[in-house]
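Each chain, letter by letter, is given below.
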Amino acid sequence: MVEARPRVGGAAQAVLVAKKDLRIEARSRVAINQVVPFALLVLVLFGFALDADTAALRNFAPGLFWLAVLLAAVLAVHRSVSVESGDGVGDALLLAGLRPDAVFVGKTLALGGQLLALAVVLLGGIVVLYGASIEDAGLLVITLIAAVIGIASTGTVYGALLAGQQARETVLPMLLLPVLSPVLIAATRAWGDAMGTVATDGWAWLALLAGFAAIYSLVGAMSYGTLLEAAHV
Amino acid sequence: MSESPTSSKTSRLLGVAVALGAIALVLLAFIAVEPDVRINAETGQEIGQFDAVRLLFVHVPAALIAYLAFTVTTVGSAVVLWKRSVWWDVVAGASAEIGALCAALTLITGSIWGRPIWNTWWEWGDVRLLTTLVLFMLSLGYLAVRRLEGTATERARRSAIVGLLLFLNVVIVNRSVEWWASQTLHQKSTIADATIEGNTLFTLFFAMVVGVGAYVWMMIHRFRLAWLERMSDRFGTDDLLAARRAEADDHARIASAVGGTSPEGESS
């Protein structure tokens, strides 16, 4: 390094990257105009598929909710990757001296923030459309956060691997959805407890979710540099 | 017999041995092994797996090879990341293809077996079923990643990362599905309480030996084929370069024959 310059810590770098992604989202409005309506549409389609059986919809509301989140998450991950792969932004970030793990955390935060907002809208959707009722708000909220971190970190890992690939649209769901099946299982069970539709220990399922989120956050932070190198950008 | 570019004397011998083994296995499975029929001591009824027991001789080796093959893929992926080995990259890819095939075979034969024995094609309460199914899907994802574009090095590293994560994911899925099944469905893996003995045990053991032989034989051929593809990619570029150089030399020769000097000579 030739010149001394203001040092930016890892956390600050992550916030910078997250703010960049969120700012792009705020200006392009892809998430709000396309991903959220898509997820709501999925909720409506589930209603048609289950023949508008109110009791069934209420019973399966947690599972349907998380399935809608997963499907929308695939779209959100595409978006998160494509803002990076155009114009060689990914390379530019690394050339600017940003730490790969900070980039990973930043992108995960931005993606997670968007998914969280999406989930809040969808939660309104299942309350209105399926008649879901919330019995344990604490469990519900913490589960939501843990699951979103798990989905966002996994999505960022696999998204980075496929950056710049023509075939990303078809390969990403194939890679991501089986990997996220434990999140679907655990989040559905925990919300089932929080919404009183199944008798199970939701907090135990929350622990599984937290474990998943921790593992993938760690894997992502440790391997993101290698991932970016391996990806064809 | 025409020479195949992927066979050698050893692989041909192995191939013949595996083929003979397969024929012997069919004979053993359908003639030597009796249908599994026992008498329930209390009710006097005939119970057991009857002819369905013969499916074991495909199902068990297929499952064994599937897990063996994905273990090889994971090991290969680790070595690729560690030592940047091309050899292990080719091995990992070849093994995953055979693994995916065997995982599918395991699921199909298991499903056919489950219909008469469990009275259902699919059992949501069985952890091994669910894990194998998710493993199969993950392996399809891995194979899709292998086919993505990029230079050989990029593809190798990318596949190796997905290959390593494959192992992690299978462990996570297995643990969570186990928990899910035990908490929700109240049905444990329904392995029939039959003790395997006599001809059945011998045939099962024999089937595993034949299966592993078939795996090795397929690996040899798939590996050599993939290796040749690599070489043709590499030498393809070299050939093109050589052709371009020859072309340039020709131009120089013609120029010198016509004008007495080469283009470089004129400019200097």
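Conventions used here
Residues numbered from 1 in each chain as written. Chains lettered and ligands numbered in written order. Predicted model: local features only at pLDDT ≥ 70, side-chain atom pairs only at ≥ 80, totals over all residues. Heavy atoms only, no water. Helix = DSSP H or I, 4+ residues; strand = E, 2+ residues; numbered from the N terminus. Buried < 20%, exposed > 50% of the residue type's maximum accessible area, 1.4 Å probe, protein only. Contact = heavy atoms within 4.5 Å. Areas by Shrake-Rupley, 256 points an atom, 1.4 Å probe, with all protein chains shown as cover. Phe/Tyr/Trp six-rings, centres within 6.5 Å; stacked < 30°, edge-to-face > 60°. Pairing = 2+ DSSP bridges. Buried area = accessible area lost by both parts, 1.4 Å probe. Salt bridge = Lys/Arg side-chain N within 4 Å of Asp/Glu carboxyl O. 1 Å grid on protein atoms, 1.4 Å probe; cavity = no way out; pocket = protein on both sides within 12 Å on 5 of 7 lines; lining within 4 Å. Points joined across faces, edges and corners; volume = space filled by probe spheres on them. Core = buried A, V, L, I, M, F, W, Y, C linked by side-chain atoms within 4.5 Å.

A.B. asks: Can you walk me through the overall build of chain B in this structure?
C.D. replies: Each helix and strand counted, chain B has 7 helices and 2 strands in total. Put simply, chain B runs from its N terminus to its C terminus through helices and strands in the order α-β-β-α-α-α-α-α-α. Each of the 268 residues in chain B was classed as buried or not, and the buried ones make up 37%. Relative to all contacts within chain B whose residues are 6 or more apart in sequence, the contacts with residues 24 or more apart total 72%. Total accessible area on chain B is roughly 15,200 Å²; 66% of this is exposed by carbon and sulfur atoms.

A.B. asks: Can you walk me through the packing of aromatic side chains in this structure?
C.D. replies: We describe a pair of aromatic rings using the distance from one ring centre to the other and the angle between the two ring planes. As enumerated under the stated definition, the model contains 14 aromatic pairs over all chains in all. A network of ring pairs unites the aromatic residues Trp87, Trp88, Phe223 and Trp227 of chain B as a single cluster.

A.B. asks: Which parts of the structure should I look at to understand the pairing of strand β2 (residues 46-50) of chain B?
C.D. replies: Along a regular strand, successive side chains alternate from one face of the sheet to the other. Residue and element names in this part refer to chain B. Where strand β1 (residues 36-39) and β2 come together, 3 bridges link them in antiparallel fashion. In the sheet register, Ile39 faces β2, and the bridge partner there is Glu46. Taking the residues between adjacent antiparallel strands as the criterion, β1 and β2 are bridged by 6 residues, where Gly44 takes a positive phi near 75°.

A.B. asks: Hey, could you run me through the environment of Lys20 of chain A in this one?
C.D. replies: As for its position among the elements, Lys20 of chain A is in helix α1 (residues 10-28). Residues within four places of Lys20 of chain A in sequence aside, it is in contact with Glu84, Val89 and Leu93 of chain A.

A.B. asks: When you look at the side chain of Ser11 of chain B in this model, what are you seeing that I'm missing?
C.D. replies: For Ser11 of chain B, the location among the structural elements is in helix α1 (residues 9-32). Sequence-distant contacts of Ser11 of chain B, that is, excluding residues within four places in its chain, are made with Thr6, Trp217, Ile220, His221 and Arg224 of chain B.

A.B. asks: Would you take a moment to explain the interface of chain B and chain A for this structure?
C.D. replies: Often, the extent of an interface is quoted as the loss of accessible area on bringing the components together. Taken together, the contacts link 27 residues of chain B with 30 residues of chain A. Here chain B packs against chain A, burying approximately 2,500 Å² in sum over the two surfaces, 74% of which is carbon and sulfur. Among the residues chain B hides against chain A, the three largest losses belong to Leu148, Arg158 and Trp179 of chain B. Together they make up 20% of the total. Applying the counting rule to chain B against chain A returns 0 salt bridges.

A.B. asks: Please clarify how empty space enclosed by the protein should be interpreted in this entry.
C.D. replies: Rolled over the atoms, a probe with the dimensions of a water molecule shows which regions are left empty. All names here are of chain A. Within the structure shown, the criterion is met by 3 cavities of 30 Å³ or more. What the largest cavity holds in volume is close to 130 Å³. Lining the largest cavity are 14 residues, and of these Glu84, Ala160, Ala163, Tyr224 and Leu228 lie nearest its centre. Sorting the residues of the lining of the largest cavity by element identifies α3 (54-85), α5 (100-130), α6 (137-161) and α9 (202-230) as the ones contributing at least two each. The element that contributes the greatest number of residues to the lining of the largest cavity is α3, accounting for 4 residues.

A.B. asks: How should I be thinking about the nonpolar core in this particular structure?
C.D. replies: One broad rule of soluble globular proteins: the nonpolar side chains tend to lie buried together. Ranked by internal contacts, the top residues of the largest apolar core, which has 108 residues, are Phe65, Trp66, Leu115, Ile126, Ile151, Tyr158 and Trp191 of chain A. The dominant element in this core, judged by the number of residues it contributes, is α3 of chain A, at 14 residues. Discounting residues that sit within four places of it in the chain, Tyr158 of chain A has contacts with Leu172, Leu175, Leu176, Val179 and Tyr216 of chain A together with Leu165 and Asn169 of chain B. Counting residues in each nonpolar core, the second largest holds 8 residues, with Leu25, Val53, Phe57 and Ala207 of chain B among its members.

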